[in-house]
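Remarks on the overall topology
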Amino acid sequence: MVAPRRNAPEATPLTISVDRSDPAAPVVKVGGDLAFTTAAPLRAEVDRLLAEVPAALVLDFGGLLFIDSTGLSVIVHAWREGQQGGTAIQLREPPRFLTTILDMTGVTGLLSRPRPESRPATDSSAFA
């Protein structure tokens, strides 16, 4: 007997919320699946916040369930754009699977690089 096929969604919807209580370091809380089909809204939000040139942008991944290469590219994009504008990118509460992926791909090393000298650094650590 073949089990009936369930109509489950391919991905858990991505949730994004922004905490601007500290304008110098807005916090983007990310939950669900950060993947090819869900990454565009986060990238757009990151670009919008980086356009304001905060001292830091915190990406809180405490609610992240899954990430693929497209999701990883959003983190690298944030770092690259932050470097160009003088904004430090900090990760908060990365799940163990994300930390492993960041280490294996060398992204942890990117995130720990100091910001350009355009603004004094308040915290050189990549993980908040």
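The model shown is predicted, which means the values in this text are computed figures rather than measured ones. (Residues numbered from 1 in each chain as written. Predicted model: local features only at pLDDT ≥ 70, side-chain atom pairs only at ≥ 80, totals over all residues. Heavy atoms only, no water.)

1. A closer look at the pattern of salt bridges
Convention followed: The working definition used for a salt bridge is a side-chain nitrogen of Lys or Arg within 4 Å of a carboxyl oxygen of Asp or Glu. Helix numbering and strand numbering both begin at the N terminus, where a helix is a DSSP run of H or I of at least 4 residues and a strand a DSSP run of E of at least 2. Remark: exposure states derive from per-residue accessible area (1.4 Å probe, protein chains only) relative to the maximum for the residue type, with buried under 20%, exposed over 50%, and partly exposed in between.
Going through the model one piece at a time under the given rule, you end up with 3 salt bridges. The salt bridge partner of Glu 45 is Arg 48, with a shortest N-O separation of 2.2 Å. Taken together, the residues span about one helical turn, with Glu 45 and Arg 48 both in helix H1 (residues 40-50) at a distance of 3 residues. In this structure Arg 48 comes out as partly exposed when scored by relative accessible area, which is 40%. Arg 48 serves as the salt-bridge partner of Glu 52, at 4.0 Å between the closest nitrogen and oxygen. We classify Glu 52 as partly exposed; its relative accessible area is 47%.

2. Considering the nonpolar core
As a reminder of what qualifies: Here the nonpolar core consists of buried residues drawn from Ala, Val, Leu, Ile, Met, Phe, Trp, Tyr and Cys, with membership extended through side-chain atoms lying within 4.5 Å. For this analysis, residues touch if any pair of their heavy atoms sits within 4.5 Å.
Of all hydrophobic cores here, the largest spans 27 residues; its most connected members are Leu 34, Leu 42, Leu 57, Leu 59, Phe 61 and Ile 75. Mapped by element, the contributors of at least two residues to this core are strand S2 (27-34), H1, strand S3 (56-67), helix H2 (69-85), strand S4 (88-92), helix H3 (96-105) and helix H4 (107-111). The greatest single-element share of this core, amounting to 6 residues, is contributed by H2. Excluding residues within four positions of it along the chain, Phe 61 makes contact with Val 30, Leu 34, Ile 75, Leu 91, Arg 92, Glu 93, Pro 94, Pro 95 and Leu 98.

3. Brief notes about the sheet that holds S2
Formally: Two strands are counted as paired when DSSP detects at least two bridges linking them. Here an angle of 0 to 180 degrees is reported between the N-to-C directions of two axes, which are lines fitted to C-alpha atoms, with helices fitted over the stretch in contact.
Spatially, S1-S2-S3-S4 is the arrangement adopted by the 4 strands of the open sheet, whose pairing is mixed. Two strands bound the open sheet, and with one partner strand each, they are strand S1 (15-19) and S4. If you compare each strand with its neighbour and ignore which way they point, the axes differ by 20° on average. Across 5 bridges, the pairing between S1 and S2 is antiparallel. Residue pairing for S2: Asp 19 is matched across the bridge by Val 27. Contacting S3 and S4, H3 crosses the sheet at an angle of about 110° to S3.

4. Description of H2
What sets the pattern is the α-helix's 3.6 residues per turn: residues three or four places apart point alike. What counts here: One less than the number of residues in a helix, times 1.5 Å, gives the span that helix is expected to have. Here a polar contact is taken to be a pair of N or O atoms separated by no more than 3.5 Å, where protein atoms must pair a possible hydrogen donor with a possible acceptor and residues adjacent in sequence count only if both atoms sit in side chains.
Between its first and last C-alpha atoms H2 spans 24 Å; for 17 residues at 1.5 Å apiece the expected length is 24 Å, and the two agree. Those residues of H2 not exposed but buried are Gly 71, Leu 72, Val 74, Ile 75, Val 76, His 77, Ala 78, Trp 79, Gly 82 and Gln 83. Looking at the buried residues of H2, the elements they touch are S2, H1, S3, S4, H3 and H4. Regarding H2, its N-cap is Asp 68, as a side-chain oxygen of that residue lies 2.9 Å from the backbone nitrogen of Thr 70 further along.

5. Notes on the side chain of Asp 33
Tracing the sequence through the fold places Asp 33 in strand S2. Asp 33 gets classed as buried once you look at its relative accessible area, which sits at 9%. One polar contact links the side chain of Asp 33 to the main-chain amide nitrogen of Thr 12, over a distance of 2.9 Å.

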